[in-house]
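If you want the building blocks of each chain, they are given just below.
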Amino acid sequence: MSESAHGEPYDGMMCLCTMEDITIEDGNYVEYQSYPSLKWKPCLYERAVIEKLLDDQFKSFVERVKKTDCQAELRRLLAAGPPIWLGGQHALPL
């Protein structure tokens, strides 16, 4: 498989969040690219989880900034900045 080609889910592939099977037939297979390689990699979250992250990640960041009463937490949040990419150490490894 070339680096710019898309793949398919492997047998027994399962979402790390919902534990649902990930298959082409279910329509829940997701791939992602990382820079600078631009190689397509299989995501270990199903489509519904990725869509939820896309919908909620920024709103959650803003709410945490507004509601925190801890200066250390606020400094950490602002140092990291708002989420502009999806990420996950286990499901979306670089």
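Residues numbered from 1 in each chain as written. Predicted model: local features only at pLDDT ≥ 70, side-chain atom pairs only at ≥ 80, totals over all residues. Heavy atoms only, no water.

Caption draft 1: Up close: a negative patch on the surface. Side chains of Glu20, Asp21, Glu25 and Asp26 sit close together on the surface and give a patch of like negative charge. Note on placement: Glu20 falls in the segment before strand 1 (31-33). A relative accessible area of 45% places Glu20 in the partly exposed class. (Patch = residues over 30% accessible without salt bridge, like charges linked within 9 Å, V, L, I, M, F, W, Y side chains within 5 Å. Areas by Shrake-Rupley, 256 points an atom, 1.4 Å probe, with all protein chains shown as cover. Salt bridge = Lys/Arg side-chain N within 4 Å of Asp/Glu carboxyl O. Lys, Arg positive; Asp, Glu negative; His and termini not counted. Charge placed at Lys NZ, Arg CZ, Asp CG, Glu CD. Helix = DSSP H or I, 4+ residues; strand = E, 2+ residues; numbered from the N terminus. Buried < 20%, exposed > 50% of the residue type's maximum accessible area, 1.4 Å probe, protein only.)

Caption draft 2: Inspection of the side chain of Lys41 at higher detail. Mapped onto the elements, Lys41 comes out in strand 2 (residues 40-42). Once residues within four sequence positions are removed from consideration, Lys41 is found in contact with Val30, Glu31, Tyr32, Ser34, Pro93 and Leu94. (Contact = heavy atoms within 4.5 Å.)

Caption draft 3: Representation of the packing of aromatic side chains within the structure. The tally for this structure, following the rule as stated, stands at one aromatic pair. Between the aromatic rings of Phe58 and Phe61, the centroid separation amounts to 6.5 Å while the plane-to-plane angle is 35°, which identifies the pairing as tilted. Taken together, the positions of Phe58 and Phe61, both in helix 1 (residues 47-67) and three residues apart, correspond to about one turn of that helix. Judged by its relative accessible area of 13%, Phe61 is buried. (Phe/Tyr/Trp six-rings, centres within 6.5 Å; stacked < 30°, edge-to-face > 60°.)

Caption draft 4: Structural detail: unusual backbone geometry. Cis rather than trans, the peptide bond between Tyr35 and Pro36 has omega equal to 10°. Considering the arrangement of structural elements, one finds Pro36 in the loop between strand 1 and strand 2. Phi is positive for Leu38, which is not a glycine, with a value near 55°. Residue classification places Leu38 among the partly exposed positions, given a relative accessible area of 42%.

The analysis is restricted to geometry; functional conclusions fall outside its scope.
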